[in-house]
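Chain residues, written in single-letter form:
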Amino acid sequence: MSNKQTPWSIFSGPNLGYVMEQYDLYLQSPEEVDQELVSLFEEYGAPVLTGNSTATGTNSPAVESNNFEKVVRAIELADAIRAHGHLTADIYPLNDREKNDSRINFKTYGLTPADLKDVPVGFLLQDAPSTVNNGLEAIEYLKSVYTNKIAFEISHIVDVEERKWLQSKIEKGVVLEGLSTEQKKELLKRLTQIEGFEKFIHRTFVGAKRFSIEGLDTLVVLIDELVRQSNVTKTKQVNIGMAHRGRLNVLTHVLKKPYEMMFAEFAHVPSESFLPKDGSLELSEGWYGDVKYHKGAAYHSPSGLTLKLAYNPSHLEVVSPVVTGQTRAAQEATDQSGMPVQDKNAAYAILVHGDAAFPGQGIVTEVLNYSRVRGFQTGGSIHIIANNMIGFTTEHYDSRSTFYSSDPAKGYEVPVIHVNADDPEAVIGVAKLAHEYRNKFGKDIVIDLLGYRRYGHNEMDEPLVTNPQMYHIIHKHPTVRKIYGQKLVDEKVIQDNEVTKLDETIFSGMQEAYDRVKELPQTTAHEIIIPEVVLEGMPELPTGVEESRLKKINEELLTWPSDFTAFKKLEKILKRREEPFKGKGKIDWGHAETLALATIIQDGNSIRLTGQDAQRGTFSHRHLVLHDEKTGAELTPIHSISDAKASFTVHNSPLTEAAVLGFEFGYNLEDNNSLTIWEAQYGDFANMAQVMFDNFISSARSKWGLKSGLVMLLPHGAEGQGSEHSSARLERYLQLAAENNWTVANLSSAANYFHILRRQAKMLKEDAIRPLVIVSPKSLLRHPLVGADVAELTEGKFETIIEQPGLGQQTDKVEKIVFASGKLAIDLADKVKDGDGHEFMHIVRVEQLYPFPEEKIQAIVDRYPNLKQLVWAQEETENMGSWNFALPYLLDIAKGKDIKYVGRVHRSSPAEGDIDTYKVEQARIIEEALKSL
């Protein structure tokens, strides 16, 4: 071996261990070793650690060549403890899961305690505590850190800095920094309040469903600590999403909903008189209402921090994207032109999941997938799995294919921390770490809070029927309050009788609250009263924009920086948008949309538009974001228009419908000044988001009193492209239509699209606002009969019906009226041209299907004295589309006149798969609709 000074002293700990491993490999297969290391081995020989090396930071004995294998194995053991210590950790309160220590047993690595004592600490542990003096003690210390009440999974994280930071935090022991005596007493008091609340309801309202938190009491402790840390970082808002388990306890103790209000709801008496008079608590309720464990609240704390618990249906996990959307809106300042300005510290989301639902519901991975995507990231959510180790009655082996409920998160490089819910101090430490991690790295983190469920799925279930082994253990298992109370007694922090007295005091306080509730007069079921502003519907508003303003906007949209190189073909297409302002051609659908959006941000409403390929538009019609042909740089021309008073953003979304639509619904709930638009790539893609339409968008106001002006664009139209690219399933939105809950429109005019968008924006902050579903065109996007003259945008308003020009002029001759919407209305208009030869009929385009424009249609029908037949024409099949929805209205309007359906017959699939068959059928429908009586 060379006598030259060696370079090995620059390597330390695991790095030197790696070099040793590579040297062993070099001796056997040098071709598999990196060439730089080969050169070092050839010149300096085996890596040898001498005394006084910086690798250990101590005067450690030299590690000779014959000890290389021992050191390498010790390093492997240390790394195994980090990676697999969770498999033997004490994280299960019921202690009913088999633990496997084979991967962290020194015997597995052919080592003895004596061998480990010979290994310098620096190889195994950086920043070791002063009490750790040799390799054996280092290994024992690592085991104490990684296999106690907290277990960590971080080895799947790719970023080295991130992984090192977590490892340092863990191994320095900062996660378990002790509490003061006063903090311990306060913690016991909190646990007593949490348990006492559940016990009081259980005894007072026997058999009432409450979905008890018991077994996971420390969920409240965890959220409490996150709230404390949020005050430290001066966060303005924390948004919480959770299902029903433990919800009432969180409402009561985290969001400060008074005990009296909660007990009044159980007693079925009005609770409003107990609402805090200081305005600190905000609640909303719809006229139809919802069960108490689906309700939410907003609490404004004295520190200035606002806590919001989202209203949530019974469907597990679907609230998560709604909450992240609310969070993004709470982070963004949208009152200036250009992109919104995001402050990730302004708000964050706490998402509480069920252990069966986290791996079972696909929307969880949808939310994890977009968590670092630029249009949807919020700087990290803190996920908590409220893990009671069971589904409704389903054991874990029937519930998932993974070892842990949390495993899906690892695919997204999300750190996972498992913690025993029976150790409240450990839970507090984990909360602090999670909050700090989120702030530092802007990423999601998962806390797997492992506990149990003291009762059945609800309090009327008998869990011994289906899960006897688990519940025999649970019935003997002490509560976390009792465990922690005994711990403090053992530590001499508190006396045993004080624990009992605290329990009694808190319980008696709840009884006093209930006594106040019992003083209220008993009431019968409340009357369902829909607000008048909802019943009145959307007003007709003038939404025209003066021509000079539109022309200036158009010029600015087509003026790009000199150093921007547009794609030549696209540049030519977009430059044609100058022609309508020169008296040539029409403003097509995409052009009308862009002008509408520009005027809306000039009026002071911000705009957020998302969807798969929304920037260009699926049908290459929008082009709101341009790309430099040479550099790929993005240009958003609408950011450069003058007089804009609000931000504009359009994001291509992940290939996700349910979570993205939920996100946009949440965004709009939080920011009611934003015109928030979601576009489906094809209308039927919204099928994947049906839960959002059913449980949130269509019914949130009647259930929870939540107002939304969300716009949904669903491309629709039969064009011979097969079933999945034809129908937006229009009938589903009409079936959900009631109580003026939303507007459903099937438009055939670019001008009408311009006006309906502007009307929606103008109404955003009004009580009459509601969501808007637009069945938007595909092949009609550039059709001249759909295009608008400039004058149509400068005057007027959104028209719920449009009468076909050239028809219906000779009132005595009209014997039939054909009603149609969307693409078929244009197909009919294309066929009749100027109306010559069709004096016997009239065509009415029904642009707004819900609310149905019954009065306007009735007025048209009454105009024709010789009218014999009303025809409803559609290209959808008879059991789909709008026919069945419109028929009851037509029966009222017809007053005995003949009503006829023209369209495709009943089918199970919405459209033909063969284009030639489609053409034949479409031609038949048009011919039949237009034929004389």
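Residues numbered from 1 in each chain as written. Predicted model: local features only at pLDDT ≥ 70, side-chain atom pairs only at ≥ 80, totals over all residues. Heavy atoms only, no water.

Notes on the overall build of the chain
Line of reasoning, step 1. When you go through the chain residue by residue, the secondary structure sums to 33 helices and 25 strands.
Line of reasoning, step 2. Overall, the C-alpha framework of the chain stretches about 110 × 80 × 50 Å when taken along its three principal axes.
Line of reasoning, step 3. Looking at the chain residue by residue over its 933 residues, the buried ones come to 60%.
Line of reasoning, step 4. Sequence-distant contacts in the chain: of pairs separated by 6 or more residues, those separated by 24 or more amount to 79%.
Line of reasoning, step 5. Roughly 38,100 Å² of accessible area belongs to the chain as shown, and the carbon and sulfur atoms make up 49% of that amount.
Line of reasoning, step 6. Side chains of the chain carry 101 positive and 130 negative charges; the gap between the two charge centres is 2 Å. (Helix = DSSP H or I, 4+ residues; strand = E, 2+ residues; numbered from the N terminus. Buried < 20%, exposed > 50% of the residue type's maximum accessible area, 1.4 Å probe, protein only. Contact = heavy atoms within 4.5 Å. Areas by Shrake-Rupley, 256 points an atom, 1.4 Å probe, with all protein chains shown as cover. Lys, Arg positive; Asp, Glu negative; His and termini not counted. Charge placed at Lys NZ, Arg CZ, Asp CG, Glu CD.)

Section: the pattern of salt bridges
Line of reasoning, step 1. Considering all chains together, one arrives at 54 salt bridges under this definition.
Line of reasoning, step 2. A salt bridge links Lys410 to Glu153, with the shortest nitrogen-to-oxygen separation between them at 2.7 Å. Here Lys410 is found in the loop between α15 (396–399) and β10 (416–420), whereas its partner Glu153 is found in strand β1 (residues 150–153), with 257 residues between them in sequence.
Line of reasoning, step 3. Residue classification places Lys410 among the partly exposed positions, given a relative accessible area of 25%.
Line of reasoning, step 4. What makes Glu153 buried here is its relative accessible area of 6%.
Line of reasoning, step 5. Between Lys797 and Glu799 there is a salt bridge, and its shortest N-O distance comes to 3.5 Å. (Salt bridge = Lys/Arg side-chain N within 4 Å of Asp/Glu carboxyl O.)

Let's talk about the sheet that holds strand β4 (residues 297–300)
To summarise the sheet geometry, strands pair through backbone hydrogen bonds and adopt either a parallel or an antiparallel arrangement.
Line of reasoning, step 1. The sheet built from 9 strands is open, its strands ordered β1-β10-β11-β9-β8-β2-β5-β4-β3 with mixed pairing. Strand pairing shows two members of the sheet lacking a second neighbour, β1 and β3 (281–282), which therefore form its edges.
Line of reasoning, step 2. Both strand β2 (residues 237–241) and strand β5 (residues 306–309) contribute to a ladder of 4 bridges, which runs parallel. Across the sheet, Gln237 pairs through a bridge with Thr306, a residue of β5. (Pairing = 2+ DSSP bridges.)

A short note on the sheet that holds strand β12 (residues 606–611)
Line of reasoning, step 1. Read across the open sheet, the 7 strands follow the order β15-β12-β16-β17-β19-β18-β23; overall the sheet is mixed. Each edge of the open sheet carries a strand with a single partner, namely β15 (648–652) and β23 (848–850). Across the sheet, the mean angle from the axis of one strand to that of its neighbour is 20°, orientation sign disregarded.
Line of reasoning, step 2. Where strand β18 (residues 743–746) and strand β19 (residues 772–776) come together, 4 bridges link them in parallel fashion. If you follow Thr743 over to β19, its bridge partner there is Leu772.
Line of reasoning, step 3. Lying over the sheet, helix α24 (residues 658–670) contacts β12, β16 (674–679) and β17 (711–715), oriented at roughly 170° with respect to β16. (Axes fitted to C-alpha atoms, helices over the stretch in contact; angles between N-to-C directions.)

Structural notes on helix α28 (residues 750–762)
Line of reasoning, step 1. With 13 residues, α28 should reach 18 Å at 1.5 Å per residue; the first-to-last C-alpha distance of 19 Å fits that figure.
Line of reasoning, step 2. The element α28 is extensively covered by neighbouring structure, given that 12 of its 13 residues are classed as buried.
Line of reasoning, step 3. Within α28, burial applies to Ala750, Ala751, Asn752, Tyr753, Phe754, His755, Ile756, Leu757, Arg758, Arg759, Gln760 and Ala761.
Line of reasoning, step 4. Structurally, the start of α28 carries an N-cap: the backbone nitrogen of Ala751 is 3.2 Å from a side-chain oxygen of Ser749. (Expected span 1.5 Å × (residues − 1). Polar contact = N/O pair within 3.5 Å; in protein donor to acceptor, adjacent residues only side chain to side chain.)

Let's talk about the environment of Tyr370
Line of reasoning, step 1. Its place among the elements puts Tyr370 in the loop between α14 (362–369) and β9 (382–387).
Line of reasoning, step 2. For the pair Tyr370 and Leu655, spaced 285 residues apart in sequence, the C-alpha to C-alpha distance is 9.7 Å.
Line of reasoning, step 3. When sequence neighbours within four positions are dropped, the list of residues in contact with Tyr370 reads Pro321, Thr324, Phe376, Gln377, Pro654, Ala659 and Phe663.

Structural notes on unusual backbone geometry
Line of reasoning, step 1. Looking along the chain, the bond that leaves Tyr850 and enters Pro851 is cis, with omega of -5°.
Line of reasoning, step 2. Assignment of secondary structure puts Pro851 in the loop between β23 and α31 (854–861).
Line of reasoning, step 3. The phi dihedral of Glu739 falls on the positive side, at around 55°, and the residue is not glycine.
Line of reasoning, step 4. Classification of Glu739 by relative accessible area gives partly exposed; the value is 31%.

Looking at helix α11 (residues 259–267)
Line of reasoning, step 1. The buried fraction of α11 amounts to 8 of the 9 residues, a majority that puts the element mostly inside the structure.
Line of reasoning, step 2. Where α11 is concerned, the buried positions are Tyr259, Glu260, Met261, Met262, Phe263, Ala264, Glu265 and Phe266.
Line of reasoning, step 3. Tucked inside the fold, the buried residues of α11 contact α8 (181–204), α10 (247–253), β3 and α19 (496–518).

A closer look at the pairing of strand β21 (residues 816–820)
Line of reasoning, step 1. Most of β21 sits out of view: 5 of its 5 residues are buried.
Line of reasoning, step 2. Residues of β21 alternate between two faces, with Lys816, Val818 and Ala820 on one and Ile817 and Phe819 on the opposite face, all of them buried.
Line of reasoning, step 3. Here β21 runs beside strand β22 (residues 841–846); their pairing, made up of 5 bridges, is parallel. When the bridges of β22 are listed, Ala820 appears paired with Arg845.

Concerning the layout of surface pockets
Line of reasoning, step 1. The volume enclosed by the largest pocket comes to roughly 890 Å³.
Line of reasoning, step 2. Glu265, Val269, Glu285, Lys295 and His526 are, among the 30 residues lining the largest pocket, the residues nearest its centre.
Line of reasoning, step 3. Split into classes, the residues belonging to the lining of the largest pocket amount to 14 nonpolar, 9 polar and 7 charged. (1 Å grid on protein atoms, 1.4 Å probe; cavity = no way out; pocket = protein on both sides within 12 Å on 5 of 7 lines; lining within 4 Å. Points joined across faces, edges and corners; volume = space filled by probe spheres on them. Nonpolar A, V, L, I, M, F, W, Y, C, P; charged D, E, K, R; others polar.)

With respect to the pairing of β10
Line of reasoning, step 1. By the criterion of burial, β10 is predominantly enclosed, with 5 of the 5 residues buried.
Line of reasoning, step 2. Burial along β10 is two-sided: Val416, His418 and Asn420 and Ile417 and Val419, pointing in opposite directions, are all buried.
Line of reasoning, step 3. As judged from the 4 bridges shared by β1 and β10, these two strands associate in the antiparallel manner. Within β10, the position partnered with Phe152 by the bridge is Ile417.
Line of reasoning, step 4. As defined by bridge partners, β10 adjoins strand β11 (residues 445–450) across 5 bridges and the pair is classed as parallel. Paired with His418 across the two strands is Asp448, which belongs to β11.

Considering the confidence of the model for the chain
Line of reasoning, step 1. With 96% of its residues at a pLDDT of at least 70, the chain reaches an overall mean of 93.
Line of reasoning, step 2. Taken together, the stretch residues 50–61 has pLDDT below 50 and engages in 17 contacts with residues farther than four places along the chain or on a different chain. (pLDDT = per-residue confidence, 0-100.)

Describing the environment of Val33
Line of reasoning, step 1. The residue Val33 is located in the loop between α1 (13–28) and α2 (35–44) in this model.
Line of reasoning, step 2. Residue classification places Val33 among the buried positions, given a relative accessible area of 7%.
Line of reasoning, step 3. Separated by 11 residues in the primary sequence, Val33 and Gln22 have C-alpha atoms spaced 6.6 Å apart.
Line of reasoning, step 4. When sequence neighbours within four positions are dropped, the list of residues in contact with Val33 reads Gln22, Leu25, Tyr26, Val38 and Phe41.

Topic: the side chain of Arg577
Line of reasoning, step 1. Inspection of the secondary structure puts Arg577 in the loop between α22 (568–575) and α23 (589–602).
Line of reasoning, step 2. Contacts of Arg577, omitting those with residues within four sequence positions, involve Asn554, Leu558, Gly590, His591, Thr594, His621 and Arg622.

Considerations on the packing of α31 against helix α32 (residues 883–894)
Line of reasoning, step 1. Orientation of α31 relative to α32, taken along the N-to-C sense of each, is 40°, at an axis distance of 10 Å. Judged by the angle between their axes, α31 and α32 are oblique. Relative to α32, α31 is oriented so that their crossing is right-handed. Residue-level inspection shows Glu854, Ile857, Gln858 and Val861 of α31 in contact with α32, the latter providing Tyr889, Asp892 and Ile893. (Parallel < 35°, antiparallel > 145°, perpendicular 65-115°, else oblique. Left-handed = near helix turned anticlockwise from the far one by under 90°.)

Notes on the packing of helix α30 (residues 822–832) against helix α33 (residues 915–930)
Two quantities define a packed helix pair, namely the angle between the axes and the distance from one axis to the other.
Line of reasoning, step 1. Closest axis-to-axis distance for the α30/α33 pair is 10 Å, and the angle between their directions is 70°. When the axes of α30 and α33 are compared, the pair comes out roughly perpendicular. In this structure, the crossing between α30 and α33 has a hand that is right-handed. Between α30 and α33, the residues in contact are Lys823, Leu824, Asp827, Leu828, Lys831 and Val832 and Tyr918, Gln922, Ile925, Ile926, Ala929 and Leu930, respectively.
Line of reasoning, step 2. Here the residues of the contact of α30 with α33 sort into 8 nonpolar, 1 polar and 3 charged.

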